[in-house]
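# Structural description and commentary
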Amino acid sequence: MEITITINGEPTPLSVEPRHTLADTLRENCGLTGTHLGCEHGVCGACTVLVDGEPVRACLMFAVQADGAAVTTVEGLAGADGALHPLQEAFGAHHGLQCGFCTPGMLLTAAHLLEQEPDPDRATIREGMSGNICRCTGYQGIVDAVEAAAAVLRGSA
Ligand code: FES
Ligand code: FES
C-alpha cells in the first residue's frame, strides 16, 4: 500500500505491506533505528514513538494505521541545529541510561509526560514512566533526569 507519514516533520511517502508494523517501517524503510525493538509484543516500551503527539507502541501499530499521521521518533527530539533536547541532556547528566536500549522510548514517553504535566512530582514521574522497562538503571537516575529536564523546560533551572 502507498501511504504518507509525516516523520519528524518531513512528509514521507512509503510503500508498505499491510502486515508491516510501524516500528519495522521506521527502522527498515526509513533507517530510523533509534526506535528499538525489545519484546515486540507491547510490554517493554522500547519502541515508543509519538503519533499525533500521543505515545504509541510502534511494535503494536501497523504502518498503514499511521497513514496521514505525524510521527515523532527519538531522531526528531534534537533541535534542527543538532542541539540535544533538554531531556537528552538530563539523561546523560543524571545517569538516566546505561546500555541505552530503553532510552529512546523513555525519552519520548517523558517528552509526552512533560507536555501534559510540566511540573510533575516524583510520584507522577514514576507513574508516567511506568510503562517503560529498564533493565539497567534501577530507575532512580531516570526519575532524576525527568525532574531536572522539567525544571529546564519550565525555565527554572
Ligand atoms: Fe514494543 Fe516492547 S518492543 S513494547
Ligand atoms: Fe539499559 Fe535501560 S539503560 S535497559
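Up top is the structure.
The text that follows walks through the structure, step by step, so that each part is easy to find. Only a predicted model underlies this, so the values are computations on that prediction, with no experimental measurement involved. (Residues numbered from 1 in each chain as written. Chains lettered and ligands numbered in written order. Predicted model: local features only at pLDDT ≥ 70, side-chain atom pairs only at ≥ 80, totals over all residues. Heavy atoms only, no water.)

### A closer look at a nonpolar patch on the surface
Taken together, Val43, Ile133 and Tyr139 make up a surface patch of nonpolar side chains, about 230 Å² in accessible area. When you line up the elements, Val43 lands in the loop between α1 (22-29) and β3 (48-51). (Patch = residues over 30% accessible without salt bridge, like charges linked within 9 Å, V, L, I, M, F, W, Y side chains within 5 Å. Areas by Shrake-Rupley, 256 points an atom, 1.4 Å probe, with all protein chains shown as cover. Salt bridge = Lys/Arg side-chain N within 4 Å of Asp/Glu carboxyl O. Helix = DSSP H or I, 4+ residues; strand = E, 2+ residues; numbered from the N terminus.)

### Section: the pattern of salt bridges
Tallied over the entire structure, the rule returns 4 salt bridges. Two residues, Asp119 and Arg154, come together in a salt bridge whose shortest N-O distance is 3.1 Å. A residue pair is termed long-range when its members are at least 10 positions apart, and Asp119 in the loop between α3 (103-116) and α4 (122-128) and Arg154 in helix α5 (residues 140-154) qualify at 35 residues. According to the relative accessible area criterion, Arg154 is partly exposed, its value standing at 37%. (Buried < 20%, exposed > 50% of the residue type's maximum accessible area, 1.4 Å probe, protein only.)

### With respect to the pairing of strand β4 (residues 54-57)
Across 4 bridges, β3 lies against β4 in antiparallel orientation. From the neighbouring strand, Val51 faces β4, where its bridge partner is Glu54. Hairpin connection of β3 to β4: 2 residues between the antiparallel strands, including Asp52 at a positive phi of 50 degrees. (Pairing = 2+ DSSP bridges.)

### As for the packing of helix α2 (residues 86-93) against α5
Interaxial distance between α2 and α5 falls to 8 Å at its minimum, and their mutual angle equals 140 degrees. With respect to each other, α2 and α5 are oriented oblique. Crossing of α2 against α5: the hand is right-handed. In contact with Pro86, Leu87, Ala90 and Phe91 of α2, α5 contributes Ile142, Ala145, Val146, Ala148, Ala149, Val152 and Leu153. Residues belonging to the contact of α2 with α5 are distributed by class as follows: 11 nonpolar, no polar and no charged. (Axes fitted to C-alpha atoms, helices over the stretch in contact; angles between N-to-C directions. Parallel < 35°, antiparallel > 145°, perpendicular 65-115°, else oblique. Left-handed = near helix turned anticlockwise from the far one by under 90°. Contact = heavy atoms within 4.5 Å. Nonpolar A, V, L, I, M, F, W, Y, C, P; charged D, E, K, R; others polar.)

### Here we look at the side chain of Thr103
Its place among the elements puts Thr103 in helix α3. Leave out the neighbours within four places in its chain, and Thr103 touches Phe91 and Leu97.

### What about α1?
Buried residues of α1: Leu22, Ala23, Thr25 and Leu26, and no others. Looking at the buried residues of α1, the elements they touch are β1 (2-7), β2 (10-15), β3 and β5 (70-72). One or two residues past the end of α1 sits Gly31, with phi positive at roughly 70 degrees.

### With respect to the sheet that holds β1
Reading across from one edge, β2-β1-β5-β3-β4 is the order of the 5 strands in this open sheet, with mixed pairing throughout. On the outer flanks of this sheet lie β2 and β4, each paired with one strand and no other. In this sheet, adjacent strand axes meet at a mean angle of 40 degrees when their direction is disregarded. Inspection of the sheet shows β1 paired to β2 by 6 bridges, in the antiparallel sense. Paired with Thr4 across the strands is Pro13, a residue of β2. Across the sheet, α3 is in contact with β3, β4 and β5; its angle to β3 comes to roughly 40 degrees.

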